[in-house]
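So the chains spell out like this:
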Amino acid sequence: MILRVAFLGPSGTYAEEATLALLGSKCERLAHPSIQGTLRAAAAGEVDCAVVPVENAVEGTVSATLDTLWLYPQLRVRRALVLPVRHCLIGPVQHPADIQAVYSHPQALAQCQGWLEEHLGAVERIPTASTSEALRHIGAHTAAIASERAARLHGLSVIFRAINDHPDNCTRFWLVSEKPLTETLPPPGGCTSIAFALRRNQPGVLHEVLSIFARYSINLAKIESRPTKKVLGEYLFFADLEGGAEAEPVNTALRQVAAVVAELNILGSYVIEQCGG
Ligand SMILES: O=C(O)C(=O)C[C@]1(C(=O)O)C=C[C@@H](O)C=C1
């Protein structure tokens, strides 16, 4: 069966690179204009799965991914991949002095902000829906930040390579689907991502949840809050735990957590794969 996969397009994005690294070129890749649309397509069953960015080593969480996943509890994270992200400045312009504006995805602009400051100074930075979408805005006095692969695919020239401020810049992607893609359970170990809403906004309520993980010596690799978007000052919590959700002690701990929170969504258990690893 050929898998149908949604990703943030158009062709040439890092999300497409992650899709190819995870599933190879035999899958049918369907480009979507937003992360929200990509996940909606997977939740609606229009595709078998979706590949979305979740966290960058420098800029942190891709909030659109977490916020949208909360809306689609039927989706599960099946795999995770860390992709090295090496940005290029792309365009027909020969001299930096001729550039009046640079287009790219906000994450990419942020990952290159030091370089842009140093080499292009006060040039206008214009956000786009994705890095390869930025290539559509290239002109006589405008450039874009995207990958070398994107430049090649669209027949464009690279002005500068590796302009990301941190040489080890990388982004973690999740492959999510409603149905399991294979019959195998996640390998033992790995980690589990969860999201939960508290019952009350009161002292000690978050502590009650965290103390369950402490009691079972479960390491929390990450925890962060996102607005509920319903009431100002009320939050959802997203956490990454060490260990699989079906394995002990995480399984018992999660059952106890479910009993003390308003809503618990086990986003999925997975092993973090390294690109090329
Ligand atoms: O615009 C792209 O190429 C994407 O795949 C999105 C995205 C992101 O949202 O973080 C992915 C990797 C990079 O961090 C920059 C942009």
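Residues numbered from 1 in each chain as written. Predicted model: local features only at pLDDT ≥ 70, side-chain atom pairs only at ≥ 80, totals over all residues. Heavy atoms only, no water.

Caption draft 1: Representation of the overall build of the protein chain within the structure. On a plain count of helices and strands, the protein chain comes out with nine helices and 16 strands. Its C-alpha atoms give the protein chain a radius of gyration of 20 Å, near enough to 19 Å, the size a compact globule of 277 residues would have. In the protein chain, which comprises 277 residues, the proportion classed as buried is 49%. Within the protein chain, residue pairs in contact and separated by at least 24 positions form 75% of the contacts whose partners lie at least 6 positions apart. Taken as a whole, the protein chain presents about 13,200 Å² of accessible surface, with 53% of it coming from carbon and sulfur. Charge-centre separation for the protein chain: the mean point of 23 positive side chains lies 5 Å from the mean point of 27 negative side chains. (Helix = DSSP H or I, 4+ residues; strand = E, 2+ residues; numbered from the N terminus. Rg over C-alpha atoms; globule rule 2.2 N^0.38 Å. Buried < 20%, exposed > 50% of the residue type's maximum accessible area, 1.4 Å probe, protein only. Contact = heavy atoms within 4.5 Å. Areas by Shrake-Rupley, 256 points an atom, 1.4 Å probe, with all protein chains shown as cover. Lys, Arg positive; Asp, Glu negative; His and termini not counted. Charge placed at Lys NZ, Arg CZ, Asp CG, Glu CD.)

Caption draft 2: Structural context of the site of the ligand. The local shell around the ligand holds 14 residues, among which Tyr14, Ala15, Gln111, Thr131 and Thr171 are the closest. A distance of 2.9 Å is found between an oxygen atom of the ligand and a backbone nitrogen or oxygen belonging to Ala15. Here Gln111 contributes a side-chain N or O atom positioned 3.0 Å from an oxygen atom of the ligand. Coverage of the ligand by the protein amounts to 100% of the 360 Å² it exposes when considered alone. Put simply, the ligand lies in the largest cavity. Those elements giving two or more residues to the shell around the ligand turn out to be helix H1 (14-23), strand S3 (49-56), helix H4 (106-111) and strand S11 (170-177). Of the residues contributing to the shell around the ligand, the split by class is six nonpolar, eight polar and no charged. Mapped onto the domain boundaries, the shell around the ligand takes at least three residues apiece from domain 1 (4-84 + 169-177) and domain 2 (88-160). (Near = heavy atom within 4 Å. Polar contact = N/O pair within 3.5 Å; in protein donor to acceptor, adjacent residues only side chain to side chain. 1 Å grid on protein atoms, 1.4 Å probe; cavity = no way out; pocket = protein on both sides within 12 Å on 5 of 7 lines; lining within 4 Å. Sits in = over half its atoms within 2 Å of the grid points. Nonpolar A, V, L, I, M, F, W, Y, C, P; charged D, E, K, R; others polar. Domains from an automatic or database assignment.)

Caption draft 3: Representation of the side chain of Glu16 in the model. Topologically, Glu16 is positioned in helix H1. In terms of polar contacts, Glu16 uses its side chain to reach the side chain of Ser11, at 3.0 Å. In this view, Glu16 contacts Phe7, Ser11, Arg29, Arg149 and Leu153; residues no more than four positions away in its chain are not counted.

Caption draft 4: The arrangement of the nonpolar core in detail. Counting residues in each nonpolar core, the largest one holds 43 residues, and the members touching the most others are Leu39, Leu75, Trp174 and Val176. Excluding residues within four positions of it along the chain, Leu39 makes contact with Ala50, Val52, Thr65, Thr68, Leu69, Tyr72, Leu75 and Val176. Membership of the second largest hydrophobic core comes to 18 residues, among which are Phe237, Leu241, Leu254 and Val257. (Core = buried A, V, L, I, M, F, W, Y, C linked by side-chain atoms within 4.5 Å.)

Caption draft 5: Seen up close, the packing of aromatic side chains. Overall, the coordinates contain three aromatic pairs when judged by the stated rule. Taking 5.6 Å as the distance between ring centres and 20° as the angle between the ring planes, the aromatic pair formed by Phe196 and Phe237 counts as stacked. Taken together, the residues span a long stretch of sequence, with Phe196 in strand S12 (residues 191-197) and Phe237 in strand S14 (residues 235-242) at a distance of 41 residues. For the pair Phe196 and Phe237, a shared accessibility class is recorded, and that class is buried. (Phe/Tyr/Trp six-rings, centres within 6.5 Å; stacked < 30°, edge-to-face > 60°.)

Caption draft 6: Quick look at the domain arrangement of the protein chain. Under the domain assignment, the protein chain is made up of domain 1 (4-84 + 169-177), domain 2 (88-160) and domain 3 (191-272). Computed from C-alpha coordinates alone, the two centres of domain 1 and domain 2 are separated by 23 Å. In this complex, domain 1 contributes 17 residues to the contact, which on the side of domain 2 involves 16 residues. For the pairing of domain 1 and domain 2, the buried interface totals around 1,200 Å² over both sides, and the portion due to carbon and sulfur atoms is 51%. Contact with domain 2 buries area across many residues of domain 1, yet Pro10, Tyr14 and Glu59 alone supply 37% of it, more than any other trio. Seen at the junction of domain 1 and domain 2, the total is seven residue pairs in polar contact (both at pLDDT 80 or more). Elements that contribute at least two residues to the side of domain 1 that touches domain 2 include exactly H1 and strand S4 (60-61). Broken down by element, the residue count for the side of domain 1 that touches domain 2 peaks at four residues, all from H1. Looking at the side of domain 1 that touches domain 2 residue by residue, the classes come out as six nonpolar, eight polar and three charged. (Buried area = accessible area lost by both parts, 1.4 Å probe.)

Caption draft 7: View of the layout of surface pockets. Considering only enclosed or pocket space, the second largest pocket measures out at about 530 Å³ in volume. Lining of the second largest pocket is provided by 25 residues; of these, Pro227, Thr228, Glu234, Tyr235 and Leu236 occupy positions nearest its centre. Secondary structure elements with two or more residues in the lining of the second largest pocket: helix H3 (63-71), helix H8 (205-215) and S14. No other element matches H3, which puts five residues into the lining of the second largest pocket. Residue composition of the lining of the second largest pocket, by class: twelve nonpolar, six polar and seven charged. Residues lining the lining of the second largest pocket come from more than one domain, with at least three contributed by each of domain 1 (4-84 + 169-177) and domain 3 (191-272). (Points joined across faces, edges and corners; volume = space filled by probe spheres on them.)

Caption draft 8: Spotlight on the UniProt feature "domain: Prephenate dehydratase" (unreviewed entry) in the protein chain. The positions UniProt marks with the feature "domain: Prephenate dehydratase" (unreviewed entry) are residues 4-178. From the first C-alpha to the last, residues 4-178 spans 13 Å; its make-up is 30% helix and 32% strand. (UniProt positions renumbered as here; feature names shortened; annotations may be inferred.)

Caption draft 9: Representation of the UniProt feature "domain: ACT" (unreviewed entry) in the protein chain within the structure. Listed under "domain: ACT" (unreviewed entry) in the UniProt record, and renumbered for this structure, are residues 194-269. Overall, residues 194-269 shows 29% helix and 36% strand. The separation of its end C-alpha atoms is 9 Å.

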